[in-house]
Amino acid sequence: MTTSLLARPEFRELLTKVAGLDHQAGDERLKRIVLRVSEHICSVIEEFDVSPSEFWSAMAYLTELGQANEVGLLVPGLGIETFLDMRMDEAERRAGLEGGTPRTIEGPLYIAGAPLAKGEARLDQDPEQGEVLFMEGVVTDKDGAPIPGAIVDVWHANTKGGYSFFDPSQSKYNLRRRIETDAEGRYRFRSIMPAGYACPPNGATQKLLDALGRHGHRPAHIHFFVTAPNYRKLTTQINIDGDEYLHDDFAFATRDELIPPVVRHADAEAITARGLNEPFSTITFNFVLHREADVLPDTTVERPHAQAA
Ligand code: MBD
Ligand code: FE
């Protein structure tokens, strides 16, 4: 049997130099990571006998992905963002943390700096034909004690599955708000029922999904960051029950505890009481936060966020 190229001294020496391990300057941790990544790439090339043309088509793909600003879309599509959640869940479990609202991925469409409201807000600024949605709940600690002054930072898609800022047809901060909980820890908002999201059909992410025989749909959902001083930041979403992609999310973000009942109100009395003239839906969902602790990894994720201009 011929020995793998990867085991030969001249290849090991090449890798050592690639990662800068043959001298002192530079970052030790980064050197070790670059060594392993380079080694893995070469190992995949060897295992699958990847031709140079195949390799360069992959490099062209990554270039296209970056130029289209879709890196943040492919990452959840490949389950890597969910893997980061699984690691955080595991770290918390090992530290004895139990209960609390489960986290799920942030996704690529958050915009910082949404208008801040006290207690309640209306999210839909842009007129749209769709079902009115009222959502409310309490932010509490694990013992059910309300947390006043918590910030519920909420964002979701419109009835076409588009997010303001990324979809230039919507106004600044449409369907995005920060709501400060009241003295009883309550938040509530009026909005419009979102539609599910689909990857841009001609985009780089969808191109790879097509080649994998996969779709690029997400069930309708609403995103949240819930924060309060001395509590662990919660990044989560709720899914709209009944959506055809509820358990077939291309971004792997659905969790059973994050599918609250959607109550439909069609009786005339309820409709007029809300000042409406069409049936509407309500969702009640409480957020349970964990106290911050030094031994736990930080749940605040540093990643670039645009601010609406
Ligand atoms: C979304 O709306 C989303 O939440 C994720 C995770 C990926 C793509 C679009
Ligand atoms: Fe989303």
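Before reading on, note that the structure itself is shown above.
The text that follows walks through the structure, step by step, so that each part is easy to find. Since we're looking at a predicted model, the values are computed, not measured.

## Let's talk about the overall build of the protein
Helices and strands together make up the secondary structure of the protein, namely 7 helices and 13 strands. Its C-alpha atoms put the protein at 80 × 45 × 40 Å along the principal axes. Taking all 309 residues of the protein together, 43% fall into the buried category. For the protein, contacts bridging at least 24 residues in sequence account for 72% of all contacts bridging at least 6. Working note: accessible area of the protein is about 17,300 Å², and carbon and sulfur atoms make up 55% of it. Between the centroid of the 32 positive side chains of the protein and the centroid of its 47 negative side chains there is a distance of 4 Å.

## A short note on the packing of aromatic side chains
Across all of its chains, the model carries 11 aromatic pairs by this definition. Relative to Phe225, the ring of Trp155 has its centre 4.9 Å away and its plane inclined at 55 degrees; by these criteria the two rings are tilted. Here Trp155 is found in strand β5 (residues 151-156), whereas its partner Phe225 is found in strand β8 (residues 221-227), with 70 residues between them in sequence. Owing to a relative accessible area of 1%, Trp155 belongs among the buried residues under this scheme. Between the aromatic rings of Tyr187 and Phe287, the centroid separation amounts to 5.6 Å while the plane-to-plane angle is 45 degrees, which identifies the pairing as tilted.

## Regarding the coordination of the iron ion (ligand 2)
With distances of 2.0 to 2.1 Å, the protein atoms coordinating the iron ion (ligand 2) are Tyr163 (OH), His221 (NE2) and His223 (NE2). Positions of the donor residues of the iron ion (ligand 2) along the chain correspond to the pattern Y-x57-H-x1-H. Of this pair, Tyr163 sits in the loop between β5 and β6 (176-180) while His221 sits in strand β8, placing them 58 residues apart in sequence. Pair check on accessibility: Tyr163 and His221 agree, each one buried.

## Observations concerning the pattern of salt bridges
Scanning all chains against the criterion turns up 20 salt bridges. For Arg103, the salt bridge goes to Asp89, with nearest N and O atoms at 2.7 Å. Placement of the pair is Arg103 in the loop between α5 (80-94) and β1 (111-112) and Asp89 in helix α5, with a sequence separation of 14 residues. For Glu120, the salt bridge identified is with Arg188, shortest N-O distance 3.6 Å.

## Considerations on the side chain of Arg103
Arg103 gets classed as buried once you look at its relative accessible area, which sits at 11%. Among the polar contacts made by the side chain of Arg103, one reaches the side chain of Asp89 at a distance of 2.7 Å. Separated by 2.8 Å, the side chains of Arg103 and Glu92 make a polar contact. If we skip the residues at most four places from it in the chain, Arg103 touches Asp85, Met88, Asp89, Glu92, Arg232, Leu234, Thr235, Thr236, Arg255, Leu258 and Thr299.

## Remarks on the environment of Ile240
Relative to the helices and strands, Ile240 is located in the loop between β9 (234-239) and β10 (263-265). Between the C-alpha atom of Ile240 and that of Leu65, which follows or precedes it by 175 residues, the distance is 29 Å. Those residues within four positions of Ile240 in sequence are excluded, and the remaining contacts are Met193, Pro194, Ala220, His221, Ile222, Leu246, Val262 and Ile283.

Reading the values: rules and limits
- Residues numbered from 1 in each chain as written.
- Chains lettered and ligands numbered in written order.
- Predicted model: local features only at pLDDT ≥ 70, side-chain atom pairs only at ≥ 80, totals over all residues.
- Heavy atoms only, no water.
- Helix = DSSP H or I, 4+ residues; strand = E, 2+ residues; numbered from the N terminus.
- Buried < 20%, exposed > 50% of the residue type's maximum accessible area, 1.4 Å probe, protein only.
- Contact = heavy atoms within 4.5 Å.
- Areas by Shrake-Rupley, 256 points an atom, 1.4 Å probe, with all protein chains shown as cover.
- Lys, Arg positive; Asp, Glu negative; His and termini not counted.
- Charge placed at Lys NZ, Arg CZ, Asp CG, Glu CD.
- Phe/Tyr/Trp six-rings, centres within 6.5 Å; stacked < 30°, edge-to-face > 60°.
- Donors = N, O, S within 2.8 Å, 3.2 Å for Na, K, Ca; no water.
- Salt bridge = Lys/Arg side-chain N within 4 Å of Asp/Glu carboxyl O.
- Polar contact = N/O pair within 3.5 Å; in protein donor to acceptor, adjacent residues only side chain to side chain.

Keep in mind these numbers describe shape, not what the thing actually does.
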